[in-house]
There are 2 protein chains.
Amino acid sequence: MKMTVKDLDISTGDVMVVVLNERDAERMDIHPMDRVLVSMNGRKAVAVLDIAESERAVPLGSIGLMEEVLDELQARDGDSVTVEHGERPKSVGYIRKKLDGKQLNYDEMFAIVDDIVNSRLTDVELASYVAANYTHGMNLREVIDLTKAMTLTGNVLTWGQGPIADVHGIGGVPGNRTTMVVVPMLIAAGLKLPKTASRAITSPAGTADTMEVLCPVTLPVPKLKAMVQKVGGFIIWGGAVNLAPADDRIIRVEHPLSIDAEGQMLASIMAKKASVSATHLLMEIPLGPGCKAATRAEGEHLAHHFTEIGEHLKIKVRNMLFDGSQPIGRGIGPVLEAQDCIRVLKNDPAGPQDLRNKSIRMTATMLEFMGRCPKGAGLARATELLKSGAAWKAMQGIIEGQGGDPNVNPDSLRPGPHAYTYRAPKAGIVTAFHNKSIARIGRMAGAPRDKEAGVLLYRHRGDRVAKGEPLYTVYAKNKTDLGLALETIERLGGGIDIKAR
Amino acid sequence: MKMTVKDLDISTGDVMVVVLNERDAERMDIHPMDRVLVSMNGRKAVAVLDIAESERAVPLGSIGLMEEVLDELQARDGDSVTVEHGERPKSVGYIRKKLDGKQLNYDEMFAIVDDIVNSRLTDVELASYVAANYTHGMNLREVIDLTKAMTLTGNVLTWGQGPIADVHGIGGVPGNRTTMVVVPMLIAAGLKLPKTASRAITSPAGTADTMEVLCPVTLPVPKLKAMVQKVGGFIIWGGAVNLAPADDRIIRVEHPLSIDAEGQMLASIMAKKASVSATHLLMEIPLGPGCKAATRAEGEHLAHHFTEIGEHLKIKVRNMLFDGSQPIGRGIGPVLEAQDCIRVLKNDPAGPQDLRNKSIRMTATMLEFMGRCPKGAGLARATELLKSGAAWKAMQGIIEGQGGDPNVNPDSLRPGPHAYTYRAPKAGIVTAFHNKSIARIGRMAGAPRDKEAGVLLYRHRGDRVAKGEPLYTVYAKNKTDLGLALETIERLGGGIDIKAR
């Protein structure tokens, strides 16, 4: 049927959608969420149907096109297009198969992931896929196939001969910015380590947000290749190089139901490692309430799976379980965390010792794991990398290579001008941190959107405090955001438990 | 935060949606599909967030409102509203619980259904609910609770004292319009039968579409009550009286994945019976390829469940399994089916005997089941109701009561002026009908949108045919639709298998 284009001036940001007047849809015998094939001058677009009930939104004889469809067809308001029934993607049948509890083979898995990446599925279809994976689970073979499919539907970066190191932290622990210390340490030891990091989703800072305080984190691929050769590696935002892009789209649907399907999580993480051609991976698994693994048993279960999937992808995995029940370092938020990292790298005694010690242990583990030093010699070697200034020098090389100032002074990085200091409501011993509350306070103060926003912690668990003693300071760029953070403290409490003695 | 309303001039037709510029959403730390609370002059609306990437669609400081939200707030373009984080409905937690394989209690089930009916859930949440029910299934107690929740979130119609009969056919068999014969027969026998019927979703005619050929099928509730008292009943479109409205919304999501969760189907059907306060129900279950029950064993399984759920709702259920592998009657499409029904009711020898015989059996079964005649006397009594003209007189009362012409002449009902006769491609015996292909041909010809469109069958299974002999005629209102039907015949075949002798 010939119809006239109406430019709806709206973007879904995702799946292609067209809107028909309900009487036209009835006439064509197509239902909401059916596929419609729209063509013009040899260009074709398969889009999902939405219905307009009024002539005002979409008149009879017209078809409303969202921006994505207009772009695909290179069509403009008033153009004439041909509208027909479209085919539902084959992957919808495979999603149905998984809903029925059957296992999917690689080709079926690939078809689903490919359609996800190319925005060909509706929310209903995507949610059904996520729900099916969640309820029926995936066996190891399926997780591996999904990992491969997620990898191959994005970019895969290669760096020439030799082992490639990688580190990954599962997240959930505020201030745990070890990556920015460990990566330069390992590079200083002569390893190649192309680190692609993420931005924060629900936390006050991701590694990419924090690194961005020091230098750009979005670099073209040829530049990345040159850096691996010259400097040994980099720390960039992975989102800019399109690694395993299915991940973001799946997270978008998991988020509203707080679903975190284990198989999907394993595949998402390992796909990103396969996408940077890692050969050796150090996996940090925090344990504690609010972490993906609440107990040691759960952590070991995850560790086992990472190792197993790694074997099939030819990635040797070393897992490190650690206590994730309280923040690490002093700063939470991009500027404050960057300060912590630089101070540790520069051997500044003001640098947080917990971050320093954890980074040394991680580096030691990795050096021994990759055969860069004899068993038992890792700790000394790692400490030496810091003490000698080699790690800081490697970090300067990375910062300079990515276009930042290698002589950055941590004291010149200033948190936001609006501050509020939260004080101990009573005397006693700090017994627990509520990581999620503290993260929320940091976010409401503006982090990571405002790099200078965040929380500076003065105390750790086990510390004795007097009544009225400062526990942390919240920094914000402006008064409004500081107000929002204070409201959050009132609503959730300060996030720190103190037990009177 | 105070924001300015932008009228988007679009209706979702369902869930309430607002659109923020992505930078405003980031600033407020809310994500797509999160809930937003919008308020103005004491009115409040909780809506789902969509993101606009361009300032053109939604400028900074503005909030785009879909029609549903504008109505709820009585807001207009340019008004100032307050925008805050909104709470996710509690039912999302219960959906999550079901996804985790746990059973839901009545209150949880009710909360979900209530939010579905009131458009408070996103497609992702609704699809997750449907997928969870499908993959984990429901036990009998859950199905009964769901049935009650679906009933009580819509209207419940009551008719005073005494037993209330009802009939229901599961569908899938073209031309099976027994309801329009059986209902007047049972009313003629003195029963009360307030029949709410559905319109076609994927078939060329529903009972409501066919009845509408003869009279209006949308009546106000007081009028319905009066008809039950005066005439004994009616045949109307159930959609107009808002019975178990969750059903349509759930179907919308099941459709794209061709999911038909058994528990959901049982609950949807039985909720509609409970909504009309039925006490005795005759359930027609067709058996055959393409039917919900392919085999007798599957049919008996469904029958058992209907009986069991009925017991808890105080509805006595009598199930009737029958061969659904070929169309019933001659006409397929509203006008053609109405002709068949009237001819049977008027004892016209031109009326289709299969429709007549099946209606007699159904009526007989129901009369014996409800104790209106001795066991074994049902067939004679039912035949007499037709022969005496009592059934036709009851039908005239119904037609007149609903505002139609009680003296309608079946010959004055004419199918569409554009016709094509499909002929036997070879000589032989008719061995099978492809119900879905024939339904599709009828739909493409314009049924049920155009009442006069449809398919008139000349042959049944087992008939011997000569090469070139007419098998059926397709009728359409206009040439275009006839062309679409012919294309369908070319694509799917004629829908009738003939075996050469």
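Residues numbered from 1 in each chain as written. Chains lettered and ligands numbered in written order. Predicted model: local features only at pLDDT ≥ 70, side-chain atom pairs only at ≥ 80, totals over all residues. Heavy atoms only, no water.

(A) Up close: the sheet that holds strand E13 (residues 418–423) of chain B. All names here are of chain B. Spatially, E12-E15-E17-E13 is the arrangement adopted by the 4 strands of the open sheet, whose pairing is antiparallel. Across the chains shown, the open sheet's two edge strands, defined by having one partner strand only, are strand E12 (331–332) and E13. As paired strands, E12 and strand E15 (residues 454–457) are joined by 2 bridges and run antiparallel to one another. In the sheet register, glycine 331 faces E15, and the bridge partner there is leucine 456. Sitting on the sheet, helix H18 (residues 479–492) touches E13 and strand E17 (470–476), and the angle it makes with E13 is about 15°. (Pairing = 2+ DSSP bridges. Helix = DSSP H or I, 4+ residues; strand = E, 2+ residues; numbered from the N terminus. Contact = heavy atoms within 4.5 Å. Axes fitted to C-alpha atoms, helices over the stretch in contact; angles between N-to-C directions.)

(B) Seen up close, the packing of helix H14 (residues 353–369) of chain A against helix H15 (residues 378–387) of chain A. All names here are of chain A. Closest axis-to-axis distance for the H14/H15 pair is 8 Å, and the angle between their directions is 125°. In terms of orientation, H14 lies oblique with respect to H15. The interaxial crossing formed by H14 with H15 has right-handed handedness. Together, Arg356, Ile360, Arg361, Thr363, Ala364, Leu367 and Glu368 of H14 and Gly378, Leu379, Arg381, Ala382, Thr383, Leu385, Leu386 and Lys387 of H15 make up the contact between the two elements. Of the residues in the contact of H14 with H15, the class split is 7 nonpolar, 3 polar and 5 charged. (Parallel < 35°, antiparallel > 145°, perpendicular 65-115°, else oblique. Left-handed = near helix turned anticlockwise from the far one by under 90°. Nonpolar A, V, L, I, M, F, W, Y, C, P; charged D, E, K, R; others polar.)

(C) Focus on the pattern of salt bridges. Applying the stated rule across the entire model yields 56 salt bridges over all chains. Its salt-bridge partner being aspartate 450 of chain B, residue lysine 477 of chain B comes within 4.0 Å of it at the nearest N-O pair. Here lysine 477 of chain B is found in the loop between E17 and H18, whereas its partner aspartate 450 of chain B is found in the loop between helix H17 (435–444) and E15, with 27 residues between them in sequence. For aspartate 450 of chain B, a relative accessible area of 7% puts it in the buried group. Notably, a salt bridge pairs arginine 459 of chain B with aspartate 463 of chain B, separated by 3.8 Å at the nearest N-O pair. A relative accessible area of 23% places aspartate 463 of chain B in the partly exposed class. Salt bridges sharing common partners tie together Arg199, Asp209, Glu212 and Lys451 of chain A. (Salt bridge = Lys/Arg side-chain N within 4 Å of Asp/Glu carboxyl O. Buried < 20%, exposed > 50% of the residue type's maximum accessible area, 1.4 Å probe, protein only.)

(D) Seen up close, the interface of chain B and chain A. At the junction of the two partners, chain B supplies 45 residues and chain A supplies 45 residues. In total, about 4300 Å² of surface goes out of reach between chain B and chain A, with carbon and sulfur atoms giving 51% of it. By the criterion of area lost to chain A, the three top residues of chain B are Arg27, Pro256 and Leu257 of chain B, representing 15% of everything that side buries. Linking chain B with chain A are 4 salt bridges. One salt bridge connects arginine 440 of chain B with aspartate 29 of chain A, and the closest N-O pair in it is separated by 3.4 Å. Viewed at the interface, chain A and chain B are joined by 19 residue pairs in polar contact (both at pLDDT 80 or more). Of all the secondary-structure elements, those providing two or more residues to the side of chain B that touches chain A are helix H1 (22–28), helix H3 (91–99), helix H5 (123–136), helix H10 (246–254) and H17 of chain B. Here the element with the most residues in the side of chain B that touches chain A is H5 of chain B; it accounts for 9 residues. (Buried area = accessible area lost by both parts, 1.4 Å probe. Polar contact = N/O pair within 3.5 Å; in protein donor to acceptor, adjacent residues only side chain to side chain.)

All we've got here are geometric facts, nothing functional implied.
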